[in-house]
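# Descriptive structure summary
This is what each chain is made of:
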Amino acid sequence: GTELGHGHLVTSWGKISSASKNVKDVTEFMQTVNNYVLSTKPKKGDVAILFSDEARAYFECEMIENYDYIKEIHKFYEGVSANGVYRDVVYESSDLSGYKVLFVPFLPYVSDSVYEKIVKAVNEGCTVVVGPFTGTRTVDHTIHTDNALSKLERFMGVNVEDIIMFNNQGAVLEVFGKEYPLQSTSIVVEADGNELGKIKGGYAEGMSVLWKKHLKNTVLF
C-alpha cells in the first residue's frame, strides 16, 4: 500500500541503503560505551515529580474541566527543567526517600502505600508540594465522606472548608505581591496564619487556596 518506501538497511533490489552507515556507526559506538552504561546508574536528582498511570486513567474517565493529565504533568516538569534543576520522574511504586523536594500533582487517589511514602519523605526532611486535585478521591473514585482529603488532610493539619469552582467569579489570589485570577476548581481553607495568600472577590473572599504547614519540614498545597 502506502508504505512501499519504508525505512530499510537493504533495498528491495539488494543494494546497501544510505541508512546502513548510520546504523553501523551507532552500533560501533554502543559497543564502545556498553560496559560503562551497564555498570553505572543515573545520578539521583534532588527534586522529583510523581507520575501516575492510574491518575492518568482517572482523568480520562472523569474529564475534570478538560484537564489533560499528560499535559499538566509536562507543565510541572517544564517548570522545574526551565530553572535548571536536575530532576527525576518517579512513580507510585518508586522509592520516594532521599529527595529534597517532591511534587505530587494531579493524583486524585492517594493509596495507602503512597501516603506512607509521603509521610516518610516529610519525616526525613523532604518538602512535599501537594496538589492540585491530589487526595480528592477514594479508591473507587468517589468523594471522601470524612473530610475533603481524608488522611492526607489530617496529616497536613489543615481543615478544608469547601471545594469551589471559581469560574466567572472574578476572584483572584493575592500572593507574593501579585494577583492571580482563579478560574478553576479548588479546595479552600480558612486563613489561619499558614496561608501563602488570600482570595479577593467571589464566594470565598478572605480564604485561601494555597498554604504551608510546618511538620518536620514544609508541606504545601
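Above this text sits the structure in question.
Rules used in this analysis
- Residues numbered from 1 in each chain as written.
- Predicted model: local features only at pLDDT ≥ 70, side-chain atom pairs only at ≥ 80, totals over all residues.
- Heavy atoms only, no water.
- Helix = DSSP H or I, 4+ residues; strand = E, 2+ residues; numbered from the N terminus.
- Contact = heavy atoms within 4.5 Å.
- Phe/Tyr/Trp six-rings, centres within 6.5 Å; stacked < 30°, edge-to-face > 60°.
- Buried < 20%, exposed > 50% of the residue type's maximum accessible area, 1.4 Å probe, protein only.
- Lys NZ or Arg CZ within 6 Å of the ring centre and 35° of its normal.
- Core = buried A, V, L, I, M, F, W, Y, C linked by side-chain atoms within 4.5 Å.

## Considerations on the environment of K15
Within the secondary structure layout, K15 lies in the segment before helix 1 (19-39). Not counting residues within four places of it along the chain, the set of residues in contact with K15 comprises L9 and V10.

## Points about the packing of aromatic side chains
Summed over all chains, the structure comprises 11 aromatic pairs. Here the aromatic rings of F76 and F103 are separated by 5.9 Å at their centres, their planes lie at 65°, and the arrangement is edge-to-face. One end of the pair, F76, is in helix 3 (residues 69-82); the other, F103, is in strand 3 (residues 101-104), and 27 residues separate them in sequence. Ring centres 6.0 Å apart and planes at 80° place the aromatic pair Y115 and F155 in the edge-to-face group. Of the two residues, Y115 sits in helix 4 (residues 112-123) while F155 sits in helix 5 (residues 150-156), which places them 40 residues apart along the sequence. A relative accessible area of 17% places Y115 in the buried class. A residue is classified by how much of its surface remains accessible, and F155, at 18% relative accessible area, is buried. Its end group placed over the ring of Y115, K151 keeps NZ or CZ at 5.5 Å from the ring centre.

## Considerations on the nonpolar core
Formed by 37 residues in total, the largest nonpolar core has its most connected members in F59, Y69, V90, L102, L107, V128 and M156. Among the elements of the structure, strand 1 (47-51), helix 2 (53-61), helix 3, strand 3, helix 4, strand 4 (127-130), helix 5 and strand 8 (185-189) are those that each provide at least two residues to this core. Per-element tally for this core: the top contributor is helix 4, with 6 residues. With near-sequence residues (within four places) excluded, F59 lies in contact with I64, Y67, Y69, F106, P108 and F133. If you look at the next biggest cluster of nonpolar residues, it comprises 11 residues, including V175, V188, M207 and V209.

Geometry only, nothing functional implied.
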